[in-house]
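Here's the letter readout for the chains.
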Amino acid sequence: MELYVVRHGIAIDREDPKSPADPERYLTEEGMEKTEQVAKSIAALGITPDLFVSSPYVRAMQTAEILAAALQYPKQKIRQSNALLPGAEPSLFFRELAKDKQSAVVFCFGHAPHLDELIAAGVGVKHPITAMKKAGVALLELKRVSPPTGQLAWLVTPKLLRRTSK
């Protein structure tokens, strides 16, 4: 399985007086624009996703919807999972993913540091080996989904992806 791990784009700062509760924090205008540029670069790779799974938090869902549009994946088919919420145990997500035998190319959308922990679990190490940036993307190639056995094929910063989208 190819598992594309995507951190949500730039969201309203939790310290901003206008910021809603954490689950409702949304992408800023800049966050949407930069995420759209990232999505354009990912789409240029010619990837055909089988499944999108997102944290139910607003900013993660918005990021998933932006990539869905770029990759021509139906927004209404984006699955929400509490296993991608901040603080969730990474093994829960891999167990959930293992139930879906049909999907070979999966995109998941979530938060730091949870996604860094998920990547670490996917490659079989106990401590994070990555520090994903907002709207950053990583590819895990999984030989087995649960318990996960895989390798980190690549990790790309959003800045590099935005440069290639121009």
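Further up the page is the structure itself.
Just so it is clear, the model here is predicted, and its values are computed rather than measured. (Residues numbered from 1 in each chain as written. Predicted model: local features only at pLDDT ≥ 70, side-chain atom pairs only at ≥ 80, totals over all residues. Heavy atoms only, no water.)

(A) Structural view of the sheet that holds strand S3 (residues 79-80). Judged by pairing direction, the sheet is mixed, and its 6 strands sit side by side in the order S3-S2-S4-S1-S5-S6 without closing on themselves. Among the strands making up the open sheet, the edge pair consists of S3 and strand S6 (149-156). (Pairing = 2+ DSSP bridges. Helix = DSSP H or I, 4+ residues; strand = E, 2+ residues; numbered from the N terminus.)

(B) Molecular detail of unusual backbone geometry. Note that the residue after Ala-112, namely Pro-113, is joined by a cis bond; omega there is 0°. Assignment of secondary structure puts Pro-113 in the loop between strand S4 (105-110) and helix H4 (114-123). For the bond running from Ser-146 to Pro-147, omega is -10°, close enough to zero to count as cis. Mapped onto the secondary structure, Pro-147 falls in the loop between strand S5 (137-144) and S6. Its identity is not glycine, yet Gln-72 carries a phi of approximately 55°, on the positive side.

(C) Inspection of the packing of helix H3 (residues 90-98) against H4 at higher detail. Put simply, H3 and H4 touch, their axes get as near as 9 Å, and they point 65° apart. Once H3 is placed against H4, the crossing between them reads as right-handed. The residues of H4 that touch H3, namely those facing Pro-90, Phe-93 and Phe-94, are His-114, Glu-117, Leu-118, Ala-121 and Gly-122. Within the contact of H3 with H4, the residues separate by chemical class into 5 nonpolar, 2 polar and 1 charged. (Axes fitted to C-alpha atoms, helices over the stretch in contact; angles between N-to-C directions. Left-handed = near helix turned anticlockwise from the far one by under 90°. Contact = heavy atoms within 4.5 Å. Nonpolar A, V, L, I, M, F, W, Y, C, P; charged D, E, K, R; others polar.)

(D) Broad picture of the side chain of Ser-55. Along the polypeptide, Ser-55 turns up in the loop between strand S2 (51-54) and helix H2 (58-71). Of note is the side chain of Ser-55, whose polar atom sits 3.1 Å from the backbone nitrogen of Tyr-57. In contact with Ser-55, not counting residues within four places along its chain, are Ala-60, Met-61, Ser-81, Leu-84, Leu-85, Phe-109, Gly-110 and His-111. (Polar contact = N/O pair within 3.5 Å; in protein donor to acceptor, adjacent residues only side chain to side chain.)

(E) Geometry of the environment of Ser-103. Tracing the backbone shows Ser-103 in the loop between H3 and S4. Discounting chain neighbours no more than four positions away, the residues touching Ser-103 are Met-1, Asp-50 and Leu-51. A polar side-chain atom of Ser-103 sits 3.1 Å from a polar atom in the side chain of Asp-100.

(F) Quick peek at the layout of surface pockets. There is about 180 Å³ of room inside the largest pocket. Looking at the largest pocket, the residues that line it are Arg-7, His-8, Ala-11, Asp-13, Arg-14, Asp-22, Arg-25, Arg-59, Pro-86, His-111, Ala-112 and Lys-134. Its residues placed into classes, the lining of the largest pocket shows 3 nonpolar, 2 polar and 7 charged. (1 Å grid on protein atoms, 1.4 Å probe; cavity = no way out; pocket = protein on both sides within 12 Å on 5 of 7 lines; lining within 4 Å. Points joined across faces, edges and corners; volume = space filled by probe spheres on them.)

(G) Layout of the pairing of strand S1 (residues 2-7). Most of S1 sits inside the fold, with 5 of its 6 residues counted as buried. Of the pairings in the sheet, the one linking S1 to S4 comprises 6 bridges and is parallel in character. Directly across from Val-6, in S4, lies its bridge partner Phe-109. Both S1 and S5 contribute to a ladder of 5 bridges, which runs antiparallel. Within S5, the residue paired with Val-5 across the bridge is Ala-138. (Buried < 20%, exposed > 50% of the residue type's maximum accessible area, 1.4 Å probe, protein only.)

(H) Representation of the packing of aromatic side chains within the structure. Applying the stated criterion across every chain, the model contains 7 aromatic pairs. A ring pair is formed by Phe-107 and Phe-109, whose centres lie 6.4 Å apart and whose planes are at 20°; its orientation type is stacked. With respect to class, Phe-107 is no different from Phe-109; both count as buried. Three or more aromatic residues joined by ring pairs form one cluster here, namely Tyr-4, Phe-52, Tyr-73, Phe-107, Phe-109 and Trp-154. (Phe/Tyr/Trp six-rings, centres within 6.5 Å; stacked < 30°, edge-to-face > 60°.)

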